[in-house]
Amino acid sequence: MSVAARAAFVALPAAALAALLVLLSAHELPLRLSWPWVPAAGIELAFLVDGLAALMLLMITGIGTAVFVYAGGYLAGHPQQARLYALLTVFMVAMIGCVTADNLFTLFVFWEITSLVSFLLVGFDHEQAASRRSAQQALLVTGTGGLALLAGFILLAQAAGTSSISSLIDIVPQLPASPALVAALLLIFAGAFTKSAQWPFHFWLPNAMAAPTPVSAYLHSATMVKLGVYLLARLDPAFGHWELWEWTLKAVGSLTAAWGMVLALRERDLKRILAWSTVATLGTLVVLVGLRGEGATIAVGALLLAHALYKAPLFFVAGNVDHGTGTRVIDRLGNLRHAMPWTAAAALLAGASMAGMPMSFGYIAKDAILAAKEAGEAALFARAAHTVFGAIAVAVAAVAAIRVFWRHPGANETPPAHEGGPALVLPPLVLALLGIVLGVFPFVVQDLIAEASVAMTPGAEAVALALALEAGPALVSVAVTLAVGLTVFAFWDPLHRALEWLGARLAPLAMAAHYERALRAIPRLAALVTRALQHGALPGYVGLMVAVVVLALVVVGVSITAGWAWPAASLPSLGLLAGALLVAAGALLALPQRDRLVLLLAAGLTGYGSALVFLFAGAPDVALTQFVVESVFVVVAASVLMKLRLRGYGAGLVDDGPRAWRALLALAAGVGAAAWLLLSAATPFDAALSDFFGTRSVPEAHGRNVVNVILVDFRALDTLGEISVVMLSLLAAWPLLQALARQRDWGARRAAPAREEPR
């Protein structure tokens, strides 16, 4: 790929970032745009840029620019580099659509695009089995969550009467907690938790590290995995007053954060260590969304930005280490500062921010987190949890910044290493330096974070933030966290061995193991269902269909029988009575028959009885059609059966199968149909539809036969489809008919000499 082509791709996120900065400086937030999309369903192509969306857009375009630059150096000379750039561009556009969408279904469309593109990006090296498995896992988990999210959006839109997110924020707090809203909330939880790798769906994110490093830095640290957190933060004003919302987010987020930190200690691959720490951070963000108060929303905004500014460069560092040494296993790495000084500097700066050291934006974000937790929970418990989680973050940062670059690997020999070019060095350095600059001058972004806080707490005034480096309790907390974290770092290897031993014994209980078992169970279940249902016996197929219909009749009938009363009785005409008796006689005569020819003739009586019913019910055209079809069918089918019997196939035409269950099923179907007729007759007739067609048939369709007008004009597209199916069936059968004709001619030619021989 040429330098000019790479520069053109890099210019896309850079131009988007510049346009965003101009937009934010020239206009007051929020900004809204909308166009009709599906007016009949009330769906608009609506977009909103408020403080929260603007914060996400800065990360998408800013980190995106660094990723595009880094990808040019990381995959230099790769034959598929253009494909990576194209996928990253589509992903960036989809992310922009997600965070600016102001309609549930607009958001869902972009949401699913990110899932599909991430599948292609994770499986970029599709020649490798590990990449294919990781891509499949990511797609199945997030795609299944996406389907749940769509169902939740549909229920939420129906319950609230709108799919506009801005309107939902105003309407939902006024609605009672109905079963539909609860179901919608649970389904939305499933979609958000799968996307943001919350427990029990946390396992897919570290496995996605099979993707190239630019993909990991963009999708799995700064953007896509935060979509679930973004959706929860966006809907927090609507559901934040629900205890189900608050306690679910606190419980799931806390469990995810704790489990992610523990699993980070089990890893030896640098990228997977960073991935598990990302899972822990995502859990912390979910907890913060569930907390009450303006301080929690400020902490959400600060941590979103801080995490992007230190985790993306650390992923770049891991990529540089892999690029320069050929390995990411920390046991084989050490003293790389001599061969890779610029990467070591970026690792130190980003690690300091991740550890929450003073003079970094990570310090300010963690101070905001501690303040939010102490305001929302018991202060002692909050400070203890904050210290533990922060200590593991310090240990992870020390592994990436100190162990790899400053500590001797011991008995292991470090592979030969070399520093990358400017495209590999500048992106991590710039992002890590930006994290330090914002830590020293936080006023640059404090207004934006305040606007993001307002977006998560509508109706509140913008908080006058004073993000600054302050001495006192915050520094004491940092000192304690640093001491505990360095202790964990010092005992990383013993802790790793203990956790690895424990994990090996608990592996069958892990969610990843459950996922693999479920994946293996799918084909087994499919085979079982196929053997049970696709057995090749036509009576079994018919019986199953009738049973499903009967079950549906019972379920729906029971749900609508409240207040039911018998319809007004009236004596039927003699013609209707005769038709009904003929139908019943045909059914009863057909039941005991075992010879299929006699069975066909007996069943034909039901068709003639139905024709009589149609005739005396005022539908002579339908009755005539029924007479003709029934006669033709009986004559043709009887002729075929007799022909087969004359050729010696009569024994195979006797049905000796069990009849009792068929009789019961037929009786249940008849009783169900009769009950539904009674229900329909007891329901007041709504003439709106018949009046509509009756009044419009002549002036609009110029026809007095309402049934024909409906078929030919009002349902013209449906009728055209039916005609098309018949035509296509004829075209498909035409080669078979030609083959039969050729076979008949060939057989006649072979038989002709044989007839001439006696002469």
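On a predicted model such as this, the values are computed, not experimentally measured, just so you know.

Cut-offs and rules
Counting restarts for each chain: residues are numbered from 1 in the order of the written sequence. Selection of residues for local features in this predicted model requires a pLDDT of at least 70, selection of side-chain atom pairs for listing and counting requires 80 or more, and totals for whole chains, interfaces and linings are taken over all residues. Each side-chain value is derived from all of the structure's non-hydrogen atoms; neither hydrogens nor water enter the calculation. Candidate patch residues must exceed 30% relative accessible area and have no salt bridge, after which like charges are joined if within 9 Å and Val, Leu, Ile, Met, Phe, Trp or Tyr side chains if within 5 Å. Surface accessibility follows the Shrake-Rupley procedure with a 1.4 Å probe radius. Residue values consider only the protein chains on display as shielding. Should a side-chain nitrogen of Lys or Arg be within 4 Å of a carboxyl oxygen of Asp or Glu, the pair is scored as a salt bridge. Secondary structure counts use DSSP, requiring at least four H or I residues in a row for a helix and at least two E residues in a row for a strand, with both numbered from the N terminus. To define a nonpolar core, start from buried Ala, Val, Leu, Ile, Met, Phe, Trp, Tyr and Cys residues and group those joined through side-chain atoms within 4.5 Å. Using a 1.4 Å probe on the protein chains alone, a residue whose accessible area is under 20% of its type maximum counts as buried, one over 50% counts as exposed, and one in between counts as partly exposed. A cavity here means a set of 1 Å grid points, computed over protein atoms only, where a 1.4 Å probe fits but cannot escape. A pocket is an open set with protein on both sides within 12 Å along at least 5 of 7 lines, and lining residues have an atom within 4 Å of a point. Grid points are joined across faces, edges and corners, and a volume is the space filled by probe spheres set on the points. Ten residues, namely Ala, Val, Leu, Ile, Met, Phe, Trp, Tyr, Cys and Pro, are considered nonpolar, four, namely Asp, Glu, Lys and Arg, are considered charged, and the remaining ones, Gly among them, are considered polar. Here, residues are in contact when the closest pair of their heavy atoms is within 4.5 Å. Each pair of strands is called paired provided DSSP finds at least two bridges between the two strands. Take the residue count of a helix, subtract one, and multiply by 1.5 Å to get its expected span. Between N-to-C directions, angles span 0 to 180 degrees; the directions come from axes that are lines fitted to C-alpha atoms, helices contributing only their stretch in contact. By the definition used in this description, the sense in which the near helix is turned from the far one sets the handedness, with an anticlockwise turn below a right angle giving left-handed and a clockwise turn giving right-handed. Note on aromatic pairs: the rings of Phe, Tyr and Trp (six-membered ring only in Trp) are paired at centre separations within 6.5 Å, and the planes decide the class, stacked below 30 degrees, edge-to-face beyond 60, tilted for the rest. Lysine NZ or arginine CZ positioned within 6 Å of the ring centre and within 35 degrees of the ring normal marks a charge as sitting over the ring. Here a polar contact is recorded for every N or O atom pair within 3.5 Å, except that within protein the pair must consist of a potential hydrogen donor and a potential acceptor, and residues adjacent in sequence are included only if both atoms are side-chain atoms.

K.L.:
Sorry, what's going on with a nonpolar patch on the surface here?
P.N.:
A cluster of nonpolar side chains, M359, L434, V437, V440, F441, F443 and V444, forms an exposed patch at the surface whose accessible area comes to about 620 Å². Mapped onto the nonpolar patch, the elements with two or more residues apiece are α17 (422-440) and α18 (443-456). Broken down by element, the residue count for the nonpolar patch peaks at 3 residues, all from α17. Here V444 is to be found in helix α18.

K.L.:
Please explain the nonpolar core as it appears in this structure.
P.N.:
Buried together is how nonpolar side chains tend to be arranged in soluble globular proteins. Core analysis: the biggest nonpolar cluster contains 171 residues, and W204 and W245 have the highest contact counts within it. Ranked by residue count, the leading element in this core is helix α13 (residues 294-325), at 19 residues. Formed by 5 residues, the second largest nonpolar core is a distinct cluster that contains L597, A637, A638 and L641.

K.L.:
Looking at this structure, I do not really get the layout of surface pockets. What am I missing?
P.N.:
Any space left empty among the atoms is revealed by the rolling of a water-sized probe across them. By volume, the largest pocket amounts to about 1,800 Å³. The wall of the largest pocket is formed by 38 residues, among which A587, A590, T606, R662 and A666 lie closest to the centre. Per-element accounting of the lining of the largest pocket gives the leading share, 12 residues, to helix α26 (residues 660-682). For the lining of the largest pocket, the residue count by class is 28 nonpolar, 5 polar and 5 charged. Of the volumes computed, that of the second largest pocket is approximately 610 Å³. Taken together, 22 residues line the second largest pocket, and the ones lying closest to its centre are W259, L263, R266, A507 and A510.

K.L.:
Even after reading the chapter, I still don't get the environment of L231, so can you show me in this structure?
P.N.:
Relative to the assigned elements, L231 resides in helix α10 (residues 227-239). Of the residues examined, L231 reaches a relative accessible area of 1% and is grouped as buried.

K.L.:
I tried to follow empty space enclosed by the protein on my own but got confused; where do I start?
P.N.:
Tallied over the full model, the rule gives 2 cavities of 30 Å³ or more. For the largest cavity, the lining is made up of 16 residues, of which M261, T284, K366, F389 and A393 are closest to its centre. Elements represented by at least two residues in the lining of the largest cavity include exactly α12 (270-290), α13, α15 (361-376) and α16 (379-406). Taken together, the residues that form the lining of the largest cavity break down as 8 nonpolar, 5 polar and 3 charged.

K.L.:
Looking at this structure, I do not really get the environment of Y541. What am I missing?
P.N.:
Within the secondary structure, Y541 is located in helix α22 (residues 538-560). Sequence spacing of Y541 and T194 is 347 residues, and the spatial spacing of their C-alpha atoms is 38 Å. Not counting residues up to four positions away in its chain, the partners in contact with Y541 are L533, Q534, H535 and G536.

K.L.:
Would you explain the environment of A53 in this entry?
P.N.:
Relative to the assigned elements, A53 resides in helix α2 (residues 51-74). Residue class for A53 comes out buried when judged on its relative accessible area of 0%. Through-space distance from the C-alpha of A53 to that of G123 is 29 Å; in sequence the pair is 70 residues apart. For A53, the contacting residues outside a window of four places in its chain are L48, V99 and R234.

K.L.:
Which parts of the structure should I look at to understand the pattern of salt bridges?
P.N.:
Two side chains carrying opposite charge are able to pair once their charged atoms lie near each other. Counting across every chain of the model gives 11 salt bridges. Residue R234 is joined to D50 by a salt bridge in which the shortest nitrogen-to-oxygen separation is 2.5 Å. Here the residue R234 occupies a position in helix α10, and D50 occupies one in the loop between β2 (43-49) and α2, the gap between them amounting to 184 residues. By relative accessible area, which is 4% here, R234 ends up buried. The salt bridge partner of D331 is R403, with a shortest N-O separation of 3.5 Å.

K.L.:
Would you explain the pairing of strand β1 (residues 31-38) in this entry?
P.N.:
Sheet topology places β1 next to β2; 7 bridges connect them, and they run antiparallel. Directly across from R32, in β2, lies its bridge partner L48. Where β1 hands over to β2, the hairpin turn is made up of 4 residues, of which G42 adopts a positive phi near 70°.

K.L.:
Any chance you could explain α2 here in plain terms?
P.N.:
Because each turn of an α-helix spans 3.6 residues, side chains separated by three or four positions end up pointing in the same direction. Counted at 1.5 Å a residue, the expected span for α2 with its 24 residues is 34 Å, and the 34 Å between its end C-alpha atoms agrees. Within α2, 22 of the 24 residues are buried, which leaves the element mostly enclosed by the surrounding structure.

K.L.:
How should I be thinking about the packing of α13 against helix α14 (residues 341-354) in this particular structure?
P.N.:
Following both chains from N to C, one finds α13 and α14 inclined at 145°, their axes separated by 9 Å at the closest point. The two elements α13 and α14 meet at a crossing, and its hand is left-handed. Of α14, the residues touching α13 (which contributes Y310, K311, P313, L314, V317 and N320) are T343, A346, A347, A350, G351, S353 and M354. Taken together, the residues of the contact of α13 with α14 break down into 8 nonpolar, 4 polar and 1 charged.

K.L.:
I tried to follow the packing of aromatic side chains on my own but got confused; where do I start?
P.N.:
To describe a pair of aromatic rings, one takes the distance between the centres and the angle between the planes. Here the structure, examined in full by the defined rule, presents 17 aromatic pairs. Relative to F693, the ring of F692 has its centre 5.2 Å away and its plane inclined at 80°; by these criteria the two rings are edge-to-face. The class of F693 is buried, set by a relative accessible area of 16%. Geometry around W247 places K250 over its ring, the cationic atom sitting 4.5 Å from the centre. Between R407 and the ring centre of F489, over which it is positioned, the NZ or CZ distance is 5.9 Å.

K.L.:
Before we go on, may I ask you to explain the side chain of E267 in this structure?
P.N.:
Relative to the assigned elements, E267 resides in the loop between α11 (243-264) and α12. Accessibility expressed as a relative area gives 15% for E267, which makes it buried. A distance of 3.1 Å separates a polar atom in the side chain of E267 from a polar atom in the side chain of W276. Those residues in contact with E267, other than ones at most four positions away along the chain, are R272, I273, W276, I330, W492 and H496.

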